[in-house]
Amino acid sequence: MHIKEQSEKDGICRIVLDNGRTLAYSEGSGVSVIEKDGFYFKDLEKSGELLPYEDWRLPPWERAKDLAGRLTVEEIAGLMLYSPHQAVPPAKGGPFGGSFGGRPFWESGKQPWELSDEQKEYLSEEHIRHILLMTVENAEVSARWSNELQKVAESLPHGIPVNLSSDPRSGARESGAEFKSAGQDVSKWPEGLGFAACFDTEVVSDFAKTASREYRALGITTALGPQIDLCTDPRWMRFADTFGEEAEKTKEMTKAYCDGMQTTPGAPDGWGAESVNTMVKHWPGGGTGEGGRDAHYAFGRYAVYPGGNFEMHQKPFTEAAFCLDGPTKYAASVMPYYTVSWGEDKKNGKNVGNSYSEYMIRDLLREKYGYQGVVCTDWGITQDPDARIDSFGSRCYGMEDVAEAERCLCAIMNGVDQFGGNSRMEPVIQAYKLGCEKYGEEAMRQRTELSAARLLKNIFQCGLFEDPYLEPEKSARIVGCREFVRKGYQAQLKSVVLLKNKDCLPLARGIKVYIPERRIKASKGFFRQDIPEHTEDPAAADVISKYAVRVSDPGEADAAVVFIESPQCNPYSEEDAAAGGNGYLPITLQYRPYTAVNARAVSIAGGDPREKFENRSYRGKTNTSYNEADLDNILECRKAMGDKPVIVCAALSNPMVMHEFEKQTDAILVEFGVSKSAVLDILFGEYSPTGRLPVQIPRDMETVEEQCEDLPLDMVPYKDSEGNTYDYGFGMSY
C-alpha cells in the first residue's frame, strides 16, 4: 500500500493512503508513522512496533480489548468519567466557567479555541477522554478547540483521542429544560415532539444524517440522545424533547434517528468518518414521574406505574434502539434516568435510583435484553445530597447513607460503565479498591477492563484513533450550510399544527397586526434559581416586518396575533414546607389558579432522608402558572379587536388546557420548537399546514389528574366550539 498524499498544516501532519484511509497526527505529540507488511499505521504507543490497538485492519472491539488491557487503574478510572459541560469560550457571568493561566477568559488575552486550565487537567491529571461540549462561538472555533484537545490527548500515554459529545443542539426554539444549546451555526430543526408532529419517519432520518455531518465537523462524536422516553404524563418538564407517548411511532423514529446518526454510507459495518455514537435515554423510561414531577430534583425522584405498564416503556429501547435496521446494529450507549422506578425491582425490592438497581441494569438491561454497549449514568448521581430538598444536586436516590465510592462500586457491579458529570477519578479508584477487598483484585480488574473496552470501542469505531483532527475552514463550510438549513426549515414548517381556523387564515401580507408583549411572573429556573418578573417581546421587529406592519394600538390592527407558551409553574414550595405543609404543589396545565380537588389523597411513592413524612400528595392545594398573563393577552385582544380576528400561536412544551381561551379565538396554531419565521410563513400562507397533534389536548385538569402516569393517550381530549376534537393525530390544513 502506498502513500497517496502528504501534507502539514497548523502542526498537523496528514497522510492519505491509496485505500482512502487518512492518518493524521500532531507534530509535537511524539507520534510517528510506522510501516508493517506494506501498510502504514500510527505509532500511538511510541514503541516503534505495531501493537494490536494501533492496527486499523482489526475490528474495533479487538483493538479496544487490547488497549484496555494495557491501561492502569487510574487510566481506566479516567475513561469512566464524563466532564461537566464546557462553554467555548466561557461566557462572562455564565454558569460554566474556566480559568486561563489563572485568569478568566475575558481577561486572559487567549483565543477562544485555547484550552482552559481545567480542560488541560481533565486530560493529563484525571485521564478524562469524554468531554461534553455545551456552547461554542462558531464552527471554526469548535474545530480549532477540538484539535487542541486532540493534540494534548495524543501526546499522553497511549494517544487515546477525546470523544466529544453534545446535548441536543439543533432545536430551533431557544434553550429550555436541559442544556440544549439552540445551535451555534448548526441547521435548525423542530424539537422531538415536532418530529412526531410531522408523522413522517423520513424527516427524522434526514435530520439524523444532516446532524451527524454537522456534529463531526464540530468535532462531536457522541450525541446525548435521542430521548426516547414514552412521555405518558402530560405534565413532565421534558415532554417536548420526546417523540411523544405512542410506542410504535416512537420505535420507528428511534430507529430512524440512531441509524441516521451512526451510519457512514458505504462502510461495511456502518461505522466511519460520518458516524456519531448515539446515547439513547432514559432507561427504563423517564416519562412517568408521579404528579408529572421531574427527577432532576429530589422532590421528583419517583417514577410510578399505577396502570401496570412498566414493560411498555422499555419497548423503544428493546424493540428499536437495541435492534436497529442498519449495519451498526444497536445504539452505542444508553443512559438510565435518575428516577426510582417505584415498586418495579423484582429481585431485591429496593427503591433506589435506576443506576443503583441491580435488577434494572444487570438483570434487565444487560442479561435479559443482552445490551453490550456503554451504560452511562445521568449527570451527577454519585455526589452527596444537598441539605435542602429543593436543590439541583441531590440525586443519589436511595444511596444517601453510603459514601460516594460505595455508590460508584454499586453502579459498576450492576453493569454501569461511566459516570456522567463526574470529573474526579478518586471516587472511582476508591470504588476499585473496595471492590478488590470484596470481590478480589482479579475480578475487579476484569470488570473495569470490560468497561474500558466498551468505552474505547466507541472511540475506535468513529475512526478517531487514525484521524481525530479537523480542517477548520472545511468545518465552517459544512456546519449550517444552505442545504442543511433549508432541510431543517422545511421540517419546521411540516411540524406546525393548525387546530382552528374560522376562515381567517391565511392572512394577507402587508396588513396591520397587533402583537402583545408577554408578561412573566417571578419564577424558578432549571437550576432552581430565582428569575425575577419580566416582560418578553415574542416577535422581533426584523422578522415581523417581512410579513406585516406591527402596530401598538389594537384598534388600528387588522388582526391580533397572540404568541403564548404552555403554562409553567413551580411544583415545589419551600414556603409551603416551612408553614407545615409537605411542600408539594400540583403541576397545572391551565393559566388561571388551579386547585387539585381530585388529586390522590395519598401519593403512590414517598420518602426522603430530609423529610419526616412519605405522603407527597398535593390534594386540595392551589397553583398558578408563571405566565398567566398569556391568557390575559388573549382575552384583552378579543375585547379590543371586536369582530376582527384574534389568532393564537402556542408554543407547546406540554399539552395545555385550552377551554380557558379557545372560544375567544378565531384561529389556533401550535408548534413544538420552531422559529417565528416558520410560524409566520404558515400564518401568511407561504406553506399550508400539514402537521398533526402528537399529543392529546386535555379537556380540563380533571382528566389530567385522572389519567395514569404510565398509560398512553388516556385523557379525555378537548372538543372545541367548531366541533373538532383535539385528539392524537388531529390537524387541519388550508
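Note that this is a predicted model, so its numbers are computed, not measured.

What counts as what
Here the residue numbers are simple positions, counted from 1 along each chain's written sequence. With the structure being a predicted model, the display of local features is reserved for residues of pLDDT at least 70 and the display and counting of side-chain atom pairs for 80 or more, all residues being used for whole-chain, interface and lining totals. Hydrogens and water molecules were not included; the side-chain quantities draw on all heavy atoms of the structure. Numbering of helices and strands starts at the N terminus; helices are DSSP runs of H or I of at least 4 residues and strands are runs of E of at least 2. As a reference, a globule follows 2.2 Å times the number of residues to the power 0.38, and the radius of gyration itself is taken over C-alpha atoms. Partly exposed describes any residue whose relative accessible area lies between the buried limit of under 20% and the exposed limit of over 50%, with all areas from a 1.4 Å probe on protein chains only and scaled to the type maximum. Computed with the Shrake-Rupley method and a 1.4 Å probe, the accessible areas treat only the protein chains shown as cover for residues. Counted as positive: Lys and Arg. Counted as negative: Asp and Glu, with His and the chain ends omitted from the count. By convention, charge coordinates are those of NZ in Lys, CZ in Arg, CG in Asp, or CD in Glu. Being paired, for any two strands, means DSSP has found at least two bridges between them. All axes are obtained by fitting lines to C-alpha atoms, using only the stretch in contact for helices, and the reported angles, taken between N-to-C directions, cover 0 to 180 degrees. Our angle categories are set so that under 35 degrees counts as roughly parallel, over 145 as roughly antiparallel, 65 to 115 as roughly perpendicular, and the remainder as oblique. Definitions for this section: a left-handed crossing has its near helix turned counterclockwise from the far helix by less than a right angle. A right-handed crossing has that turn clockwise. Only heavy atoms enter the contact rule, under which two residues are in contact if any of them lie within 4.5 Å. Classification used: nonpolar for Ala, Val, Leu, Ile, Met, Phe, Trp, Tyr, Cys and Pro, charged for Asp, Glu, Lys and Arg, polar for all others including Gly. In plain words, nonpolar cores are sets of buried Ala, Val, Leu, Ile, Met, Phe, Trp, Tyr and Cys residues tied together by side-chain atoms within 4.5 Å. Whenever a carboxyl oxygen of Asp or Glu lies within 4 Å of a side-chain nitrogen of Lys or Arg, that contact is scored as a salt bridge. Each pair of aromatic rings taken from Phe, Tyr and Trp, with Trp reduced to its six-membered ring, is defined by centres within 6.5 Å and is described as stacked if the planes are under 30 degrees apart, edge-to-face if over 60, and tilted in the remaining cases. Geometrically, a lysine NZ or arginine CZ counts as sitting over a ring once it is within 6 Å of the ring centre and also within 35 degrees of the ring normal. Residue count minus one, scaled by 1.5 Å, sets the expected span of a helix. Whenever two N or O atoms come within 3.5 Å, that pair is a polar contact, provided that in protein one can donate a hydrogen and the other can accept it, and provided that, for residues adjacent in sequence, both atoms are side-chain atoms. Every residue carries a pLDDT, the predictor's confidence in it, which falls somewhere between 0 and 100.

A. Structural context of the overall build of the chain. Within the chain, the secondary structure is distributed over 20 helices and 28 strands. A compact globule built from 734 residues should have a C-alpha radius of gyration of about 27 Å, and the chain, at 26 Å, falls within 12% of that. Its C-alpha atoms put the chain at 85 × 60 × 50 Å along the principal axes. In the chain, which comprises 734 residues, the proportion classed as buried is 61%. Only carbon and sulfur atoms are counted for the fraction: they give 47% of the accessible area of the chain, which is about 26,400 Å². Of note, the chain has its 83 positive side-chain charges centred 1 Å away from the centre of its 113 negative side-chain charges.

B. Main features of the sheet that holds strand β12 (residues 277-283). Taking strand neighbours across the sheet as the criterion, the 7 strands line up as β6-β9-β10-β11-β12-β14-β16 in an open arrangement whose pairing is parallel. Here the strands that pair on one side only, and so sit at the sheet edges, are β6 (85-88) and β16 (374-375). Relative to strand β11 (residues 220-223), strand β10 (residues 163-166) runs parallel, the two sharing 3 bridges. By the bridge assignment, Ser166 is partnered in β11 with Ala223.

C. Looking closely at the packing of helix α15 (residues 482-495) against helix α19 (residues 676-683). Two elements in contact, α15 and α19, have axes separated by 9 Å at closest approach and are oriented at 55°. The angle between α15 and α19 places the two elements in the oblique class. α19 is crossed by α15, and the crossing has right-handed handedness. Residues Tyr489, Gln492 and Leu493 of α15 form the contact with α19, whose participating residues are Ser677, Ala678, Asp681 and Ile682. Among the residues forming the contact of α15 with α19, the class breakdown is 4 nonpolar, 2 polar and 1 charged.

D. Structural view of unusual backbone geometry. Of note, the amide linkage connecting Gly225 to Pro226 takes the cis form, showing an omega dihedral of 10°. If you trace the backbone, Pro226 turns up in the loop between β11 and α8 (247-262). Even without being glycine, Lys329 reaches a positive phi, approximately 75°. By the element assignment, Lys329 lies in the loop between α9 (315-321) and β14 (333-336). Judged by its relative accessible area of 56%, Lys329 falls in the exposed class. Positive phi, normally seen in glycine, also occurs at Asp503, with a value near 60°.

E. Geometry of the packing of helix α12 (residues 426-439) against helix α13 (residues 441-460). The N-to-C vectors of α12 and α13 enclose an angle of 135°; their axes lie 7 Å apart at closest approach. The angle between α12 and α13 places the two elements in the oblique class. Once α12 is placed against α13, the crossing between them reads as right-handed. Contacts between α12 and α13 involve Ala431, Tyr432, Gly435, Cys436 and Tyr439 from the former and Glu441, Ala443, Met444, Arg445 and Thr448 from the latter. Along the lines of polarity and charge, the residues of the contact of α12 with α13 split into 6 nonpolar, 2 polar and 2 charged.

F. Broad picture of the nonpolar core. Counting 172 residues, the largest nonpolar core has Leu456, Met658, Phe661, Val670 and Leu693 as its most contacted members. Looking at which element gives the most residues to this core, the answer is helix α7 (residues 201-218), with 8 residues. Beyond its immediate stretch of four places on either side in the chain, Leu456 contacts Ala64, Leu67, Ala68, Leu71, Leu79, Ile160 and Phe465. One finds Val543, Phe563, Leu669 and Ala678 within the second-largest nonpolar core, a separate group that totals 29 residues.

G. Spotlight on the pattern of salt bridges. Tallied over the entire structure, the rule returns 51 salt bridges. Measuring nitrogen to oxygen at the nearest pair gives 2.9 Å for the salt bridge that ties Glu466 to Arg63. Taken together, the residues span a long stretch of sequence, with Glu466 in the loop between α13 and α14 (472-478) and Arg63 in helix α1 (residues 60-68) at a distance of 403 residues. Residue Arg63 is classed as buried on the basis of its relative accessible area of 3%. When the shortest N-O distance is used, the salt bridge between Arg366 and Asp417 registers 2.7 Å. Residue Arg366 is found in helix α10 (residues 358-368), and its partner Asp417 is found in the loop between α11 (404-414) and α12; the two are separated by 51 residues along the sequence.

H. Representation of the packing of aromatic side chains in the model. One pass over the structure, following the stated rule, counts 35 aromatic pairs. Ring centres 5.3 Å apart and planes at 70° place the aromatic pair Trp189 and Phe207 in the edge-to-face group. In this pair, Trp189 is assigned in the loop between β10 and α6 (192-198) and Phe207 in helix α7, connecting sequence segments 18 residues apart. Judged by relative accessible area, which is 5%, Phe207 ranks as buried. Members of the aromatic cluster, each reached through a chain of ring pairs, are Tyr297, Phe299, Phe392, Phe526, Phe527, Tyr572 and Tyr584. The ring of Trp113 is capped by Arg144, whose NZ or CZ atom sits 5.0 Å from the centre of that ring.

I. Representation of α8 within the structure. For α8, built from 16 residues, the straight-helix expectation of 22 Å at 1.5 Å per residue is met to within 8% by its first-to-last C-alpha distance of 22 Å. Taken across its 16 residues, α8 has 14 buried, putting it largely inside the fold. One side-chain oxygen at the N-terminal end of α8 lies 3.3 Å from the backbone nitrogen of Glu248; it belongs to Glu246.

J. Geometry of the environment of Glu148. Structurally, Glu148 can be placed in helix α5 (residues 139-155). Assessed through its relative accessible area of 27%, Glu148 is described here as partly exposed. Setting aside residues up to four positions removed in sequence, Glu148 forms contacts with Trp113 and Leu115.

K. Structural view of the pairing of β14. Residue alternation in β14 divides its side chains into two sets, Ser333 and Met335 and Val334 and Pro336, and both sets are buried. Where β12 meets β14, 4 bridges bridge the pair, whose relative direction is parallel. Bridged to Lys281 within β14 is Met335. Here 2 bridges tie β14 to β16, and the two strands are oriented parallel to one another. Counterpart to Val334 in the pairing with β16 is Val375.

L. Summary view of the confidence of the model for the chain. Of all residues in the chain, 98% have pLDDT values of 70 or greater, and the mean over the chain is 95. Across residues 175-183, where pLDDT falls below 50, the model places 29 contacts with residues more than four positions away in sequence or in other chains.

M. The pairing of β12, seen in detail. Within β12, 7 of the 7 residues are buried, leaving the element largely enclosed by the surrounding structure. Strand direction decides the pairing type here: β11 and β12, joined by 2 bridges, are parallel. Paired with Ala223 across the bridge in β12 is Thr278.

N. Spotlight on the environment of Ala405. Inspection of the secondary structure puts Ala405 in helix α11. For Ala405, a relative accessible area of 13% gives the class buried. In this structure, the C-alpha to C-alpha distance between Ala405 and Leu434, residues 29 residues apart in sequence, is 7.9 Å. Those residues in contact with Ala405 that lie beyond four places of it in its chain are Pro427, Gln430, Ala431 and Leu434.

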